[in-house]
Amino acid sequence: MLIRIPEFISKDQVAECRSLLESADWVHGNVTAGHQAALAKNNLQLPEDSPIARQLGDFILATLGQSQEVLAAGLPNKIYPPMFNCYQGGGEFNYHVDNTIRRVAGTAVKIRTDVSMTLFLSEPDEYEGGELIIQDTYGEQRIKFSAGDLVLYPSTSLHKVTPVTEGRRLASFFWMQSLVRSDEKRRLLYDLDKSIQALTQENPENPELVRLAGVYHNLLRQWSET
Ligand SMILES: O=C(O)CCC(=O)C(=O)O
Ligand SMILES: [Fe+2]
């Protein structure tokens, strides 16, 4: 399931993030790539322990915690501290699947990547290319969203970022371990949640809502792992 959350952060917040990113020290993206991904990857990243990455990452984590849509679609258990990348001068990241298990730098915490996320920090008209292309069962999705928009997609997907031939593409990218490992099951829970919300809007007194909410929670009980 691919979910777009428009205006996950405001344009003012995008501008604040960008002014901090301007002054940051970038390094080659291969520092965090596995052997195979390193061959596919040609971009810049902020080091994971960079103070600017941590400051902006904490802000993004706080915003994620308040997003009903992220909670409903991702059912987060653990979230990897957000990282930051920059593509320019033909930089790209060819087809890959994200590493399944990632250890949070400097800790013993391991996160299984179930949901991958990109928060766009450049406007689409600021760069040429730089599309995030995600292969799913319905074919290829070409993603190039407005600055401030967030996209969530299953970490099982093959995906790539096409070469940025003009301008510069800044983004934050990170992963979550979900309470529910399977994308298919998360989708069923998401649809059920949406229907319960819509029926509640129509008539909060509808007695069937109690039973439907029970089904939601009991499915989550069957399918979740903590
Ligand atoms: O920049 C993006 O949108 C995605 C980056 C990516 O796929 C990765 O770093 O694994
Ligand atoms: Fe990736």
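Here the structure is a predicted model, which is why all the values come from computation and not from measurement.

Before going further, it helps to spend a moment on the UniProt feature "binding site: 2-oxoglutarate" (unreviewed entry) in the protein. Feature annotation in UniProt places "binding site: 2-oxoglutarate" (unreviewed entry) on Arg169, given in this structure's numbering. You can see Arg169 is positioned in strand 16 (residues 164–178). The class for Arg169 is buried, based on a relative accessible area of 2%. In this structure Arg169 touches Asn85, Cys86, Tyr87, Thr118, Phe120, Ser122, Tyr127, Gly130, Leu132, Val161 and Val164, once residues within four positions along its chain are discounted.

Right, let's talk about the nonpolar core for a bit. One recurring pattern in soluble globular proteins is that nonpolar side chains are buried together. Formed by 31 residues in total, the largest nonpolar core has its most connected members in Phe8 and Leu150. Elements that contribute at least two residues to this core include exactly strand 1 (3–5), helix 1 (11–22), helix 3 (51–65), helix 4 (68–74), strand 6 (83–88), strand 10 (115–120), strand 14 (150–154) and strand 16. If one sorts the elements of this core by residue count, helix 3 sits on top with five residues. Setting aside its immediate chain neighbours within four residues, Leu150 contacts Ile3, Arg4, Ile5, Phe8, Leu64, Val70, Met117, Thr118, Leu119 and Phe174.

Our focus in this paragraph is the domain arrangement of the protein. We note that the domain assignment places domain 1 (3–178) and domain 2 (183–223) within the protein. Remark: the boundary between domain 1 and domain 2 carries one salt bridge. Lys194 is the salt-bridge partner of Glu69, the closest N and O atoms lying 2.9 Å from each other. Linking domain 1 with domain 2 are two residue pairs in polar contact (both at pLDDT 80 or more), by the criterion used here. Per-element tally for the side of domain 1 that touches domain 2: the top contributor is helix 4, with four residues. Looking at the side of domain 1 that touches domain 2 residue by residue, the class counts come to six nonpolar, two polar and two charged.

Parameters and conventions
Residues numbered from 1 in each chain as written. Chains lettered and ligands numbered in written order. Predicted model: local features only at pLDDT ≥ 70, side-chain atom pairs only at ≥ 80, totals over all residues. Heavy atoms only, no water. UniProt positions renumbered as here; feature names shortened; annotations may be inferred. Helix = DSSP H or I, 4+ residues; strand = E, 2+ residues; numbered from the N terminus. Buried < 20%, exposed > 50% of the residue type's maximum accessible area, 1.4 Å probe, protein only. Contact = heavy atoms within 4.5 Å. Core = buried A, V, L, I, M, F, W, Y, C linked by side-chain atoms within 4.5 Å. Domains from an automatic or database assignment. Salt bridge = Lys/Arg side-chain N within 4 Å of Asp/Glu carboxyl O. Polar contact = N/O pair within 3.5 Å; in protein donor to acceptor, adjacent residues only side chain to side chain. Nonpolar A, V, L, I, M, F, W, Y, C, P; charged D, E, K, R; others polar.

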